[in-house]
Amino acid sequence: MNQSQIAGKWKEIKGEIRKAWGDLTDDEVEQTKGNMESISGLIQQKFGLTKEQAKERLERVYSKFEDKTEEYKNNLRDENERNRDRLN
């Protein structure tokens, strides 16, 4: 997931991060500005995880949104194809 996609879904992603790591405050998460490295570092520091552990767990959260984005794109493509077929 790139920074542009993260920015577009930041509110939702932030909520999932807070669910996954309930001890993180809104302010702490917001200060990272959606930067995956910053969030990962915060998680490492606050929960005593290794860099790899924090990154892996954070990627799982982000992947939920990648799946939704991909599903949304596929649905739009299918709908466009159906509309094109109707017009022809």
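Because the structure is predicted, anything quoted here is derived from the model rather than measured.

The rules we used
Residues numbered from 1 in each chain as written. Predicted model: local features only at pLDDT ≥ 70, side-chain atom pairs only at ≥ 80, totals over all residues. Heavy atoms only, no water. Buried < 20%, exposed > 50% of the residue type's maximum accessible area, 1.4 Å probe, protein only. Helix = DSSP H or I, 4+ residues; strand = E, 2+ residues; numbered from the N terminus. Arc of directions from axis to C-beta. Core = buried A, V, L, I, M, F, W, Y, C linked by side-chain atoms within 4.5 Å. Contact = heavy atoms within 4.5 Å. Salt bridge = Lys/Arg side-chain N within 4 Å of Asp/Glu carboxyl O.

Visitor: Teacher, can you tell me more about helix α2 (residues 10–20) here?
Guide: One turn of an α-helix holds 3.6 residues; hence residues three or four places apart share an orientation. W10, I13, K14, E16 and I17 are the residues of α2 that are buried. Axial view of α2: buried residues confined to an arc of 160°, hence all on one face. Facing away from the buried side of α2 by more than 90 degrees, the exposed set consists of K11 and K19.

Visitor: Please clarify how unusual backbone geometry should be interpreted in this entry.
Guide: Negative phi is the rule for most residues except glycine; trans is the rule for most peptide bonds. The phi dihedral of K33 is positive, around 55°, even though this residue is not glycine. Note that K33 resides in the loop between α3 (26–31) and α4 (36–47). For K33, a relative accessible area of 69% puts it in the exposed group.

Visitor: Got a minute to help me understand the nonpolar core in this structure?
Guide: General note: in soluble globular proteins, nonpolar side chains tend to be found buried as a group. Judged by nonpolar contacts, the single largest core of 17 residues is most densely connected at I17, I43 and L58. Residue assignment for this core shows that the elements contributing at least two residues are α2, α4 and α5 (51–87). Residue contributions to this core peak at five residues, all from α5. The residues contacting I17, other than those within four sequence positions of it, are W10, L24, V29, I39, L58 and V61.

Visitor: Sorry, what's going on with the pattern of salt bridges here?
Guide: Applying the stated criterion to the full structure yields six salt bridges. In this structure, K14 engages E30 in a salt bridge whose closest nitrogen and oxygen atoms are separated by 2.6 Å. One end of the pair, K14, is in helix α2; the other, E30, is in helix α3, with 16 residues separating them in the sequence. Taking the shortest distance from any N to any O, the salt bridge between E28 and K46 comes out at 3.0 Å. Here the residue E28 occupies a position in helix α3, and K46 occupies one in helix α4, the gap between them amounting to 18 residues. Overall, E28 belongs to the partly exposed group, its relative accessible area being 22%. Residue K46 is classed as partly exposed on the basis of its relative accessible area of 36%.

Visitor: What is the right way to look at the side chain of S40 in this model?
Guide: Position of S40 among the secondary structure elements: in helix α4. Apart from residues no more than four positions distant in its own chain, S40 is found in contact with K51, A54, K55 and L58.

Visitor: Explain the environment of K9 here, please?
Guide: On the secondary structure map, K9 appears in the loop between α1 (3–8) and α2. By relative accessible area, which is 25% here, K9 ends up partly exposed. C-alpha separation for the pair K9 and F65, spaced 56 residues apart in sequence, amounts to 8.0 Å.

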